[in-house]
Every structure is written in C-alpha cells, then in structure tokens.
Amino acid sequence: MQDLATLERAITPATRLIWTETPSNPLLNVTDLRAVVGLAKKAGAMVACDNTWATPLFQLPLQLGVDVVMHSVTKYLSGHSDVTVGALIFKDKGPWLEKIGGIQREGGAVPSPFECWLTLRGLQTFLTASARMRKTRNASPNFCPRSQNRRSKPCTIPVCLRIPDTSSPPRKCRASAA
Ligand SMILES: Cc1ncc(COP(=O)(O)O)c(C=O)c1O
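Residues numbered from 1 in each chain as written. Predicted model: local features only at pLDDT ≥ 70, side-chain atom pairs only at ≥ 80, totals over all residues.

Colleague: Whenever I open this one, the overall build of the protein chain confuses me. Can you help?
Modeller: Check the secondary structure of the protein chain and you find six helices and six strands. Starting at the N terminus and ending at the C terminus, the protein chain contains elements arranged as α-β-α-β-α-β-β-α-α-α-β-β. Across the 178 residues that make up the protein chain, the buried fraction comes to 22%. Considering only residue pairs separated by 6 or more positions, the protein chain has 55% of its internal contacts joining residues 24 or more positions apart. (Helix = DSSP H or I, 4+ residues; strand = E, 2+ residues; numbered from the N terminus. Buried ≥ 20, exposed ≤ 12 C-beta atoms within 10 Å, placed from the backbone. Contact = placed C-beta atoms within 7 Å.)

Colleague: I keep staring at the sheet that holds strand β3 (residues 68–72) and nothing clicks. Help me out?
Modeller: Paired through backbone hydrogen bonds, the strands of a sheet run either parallel or antiparallel to each other. Pairing is mixed across the open sheet formed by four strands, whose spatial order is β1-β2-β3-β4. Taken across any chain shown, the strands that pair with only one partner, and hence form the sheet edges, are β1 (17–21) and β4 (86–90). Across the sheet, the axes of successive neighbouring strands diverge by a mean angle of 20°, strand direction being ignored. Taken together, the three bridges between strand β2 (residues 46–50) and β3 define a ladder with parallel strand orientation. Residue pairing across strands places Ala 48 opposite Val 68, the latter belonging to β3. (Pairing = 2+ DSSP bridges. Axes fitted to C-alpha atoms, helices over the stretch in contact; angles between N-to-C directions.)

Colleague: Looking at this structure, I do not really get the pairing of β2. What am I missing?
Modeller: Walk down a regular strand and you will see the side chains alternate between the two sheet faces. Across the five residues that make up β2, a large majority, five, are buried. Residues Met 46, Ala 48 and Asp 50 line one face of β2 and the alternating positions Val 47 and Cys 49 line the opposite face, and both faces are buried. Bridge analysis of β1 against β2 gives five bridges, and the strand direction is parallel. Note on β2: the bridge partner recorded for Thr 20 is Cys 49. The parallel pair β1 and β2, bridged by helix α2 (residues 33–43), forms a crossover whose chirality is right-handed. (Right-handed = clockwise from strand over helix to strand, strands pointing away.)

Colleague: Would you explain the site of the ligand in this entry?
Modeller: Within the structure, the ligand sits among Glu 21, Asn 25, Asp 50, Thr 52, Trp 53, Ser 72, Thr 74, Thr 84 and Gly 86. For the shell around the ligand, the class distribution of residues is one nonpolar, six polar and two charged. (Near = placed C-beta within 6 Å. Nonpolar A, V, L, I, M, F, W, Y, C, P; charged D, E, K, R; others polar.)

Colleague: What exactly am I supposed to notice about unusual backbone geometry here?
Modeller: Note on backbone geometry: most residues besides glycine have negative phi, and most peptide bonds are trans. In this structure, Pro 23 follows Thr 22 across a cis peptide bond, with omega equal to -10°. Here Asn 25 and Pro 26 are connected by a cis peptide whose omega angle stands at 10°. In this structure, Ser 81 is a non-glycine residue whose phi angle is positive, near 55°. For Ser 81, the position within the fold is in the loop between β3 and β4. Residue classification places Ser 81 among the exposed positions, given that 11 C-beta atoms sit within 10 Å.

Colleague: Looking at this structure, how should I read the environment of Arg 16?
Modeller: One can find Arg 16 in the loop between α1 (4–10) and β1. Distance from Arg 16 to Met 46, taken between C-alpha atoms, is 6.1 Å for residues 30 residues apart in sequence. The residues touching Arg 16, leaving out its near neighbours within four places in the chain, are Ala 45 and Met 46.

Colleague: It is not clear to me how helix α4 (residues 95–107) should be interpreted in this structure. Could you clarify?
Modeller: In an α-helix, one turn spans 3.6 residues, which is why side chains three or four residues apart end up on the same side. For α4, built from 13 residues, the straight-helix expectation of 18 Å at 1.5 Å per residue is met to within 8% by its first-to-last C-alpha distance of 17 Å. α4 sits mainly on the outside: zero of its 13 residues count as buried. (Expected span 1.5 Å × (residues − 1).)

Colleague: Even after reading the chapter, I still don't get the nonpolar core, so can you show me in this structure?
Modeller: A general tendency of soluble globular proteins is for nonpolar side chains to be buried together. Ile 18, Leu 33, Val 36, Val 37, Ala 40, Met 46, Val 47, Ala 48, Cys 49, Val 66, Val 68 and Val 69 form the largest nonpolar core, which has 12 residues in total. Going through the elements one at a time, α2, β2 and β3 are the ones with two or more residues in this core. Among all residues touching Cys 49, those that are not within four sequence positions of it are Thr 20, Thr 22, Leu 33, Pro 61, Val 66, Val 69 and Met 70. (Core = buried A, V, L, I, M, F, W, Y, C linked by C-beta atoms within 7 Å.)

Colleague: Help me out: how do you make sense of the confidence of the model for the protein chain in this one?
Modeller: In regions of low pLDDT, the predicted coordinates are not meant to be interpreted in detail. Chain-level pLDDT for the protein chain is 83 on average; 78% of the residues reach the 70-or-more range. When the criterion is pLDDT under 50, residues 147–178 qualifies, and its contacts beyond four places in sequence or with other chains add up to 56 contacts. (pLDDT = per-residue confidence, 0-100.)

Take a look at the structure:
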C-alpha cells in the first residue's frame, strides 16, 4: 500500500474499494492516505481506512478524503481489551451504509449491552490514556512510524496527526525510526 505505483497498477475497472490500514499492525507502516484517495477517485473507487492504531484523536481519515473509517474498538478506544467491538464511520449516507445498517438491523451484528457499557466505561479514560501515550511518544522525539524504506530514507509521508492540547496542523515526520 505504500508503493503507490504498484497500487495504481493493481487498480482495475472492477475495483470498487481500496482498503488501507495506517499505521499498520504490526509493522506500523504508514500509508499516504491523500495519495491513495487521489488514485481511488480517479478509478471511481471508495477508500476505507482501519484507523485503529492512530485513533480518532491522532488521525482523521475522513478529513483526508477517506470514505469509511474502521476501528477495532477492542483496543485503544475501549482501553482494556475486555470487549470485542468494532465501528464503521461513513463520510456520507449511501448504499454502503444502507447495506451495512441492514446487516446490523436484520442480522443482529451488534455488540451486547454489556460490551457497550464496558466500551463507554473505557472511553471515559481514553483521553488520560492518550495523554500518557503522547508523553511516551515525546520521550522519543525522533520516533516516527516506519517508512517504506526505513533503513535508507526518512519518513516524509504527511500524516494527519492531532496531538492533544495543541492545534498543530498536519505535519511531516522528519526522522526515520532507528
Ligand atoms: C489494526 C487492527 N484492526 C483490526 C483488528 C481486529 O480487531 P478485533 O480484535 O477487535 O476484531 C486488529 C487486531 O489486532 C488490528 O490490529
């Protein structure tokens, strides 16, 4: 996904959706979402982004043109890994939202009330946990998620990072991970 030329070659007239995960698990590879969105639009395809690792606090894929955002709520959002919950956030109402809403309504693909309660409980400490993550990240100022050529090149992909308590615009990582 980081190799945009390969991605472009892989797109065919049948391509309807490009799925991204950035930063990725487990390698923390970063995808240039704006560039992927650009390629997808040319092909008339949608872009989905698994934003689990970044969380909505640090990356806003919808603002980068992505159509659907996915979160494993199991992780940072609920905070305790004691639920199995996912979320899909659509930019627009449309046939995809209709279809998935139908699966939830008619198929019952929804979390239990107890899991919802645990998720809401976990969310209450999400900001505190994120502040701690930010502190850890700041303790290592040269850290940046892996770039595709992390050994040879610095990571220069613009990532829409929102650091809590600042209003920093999107910025570039300047250093490569060691
Ligand atoms: C980025 C990412 N998305 C989705 C999942 C799946 O999450 P869940 O365990 O909530 O099904 C994982 C699990 O490791 C993940 O790392």
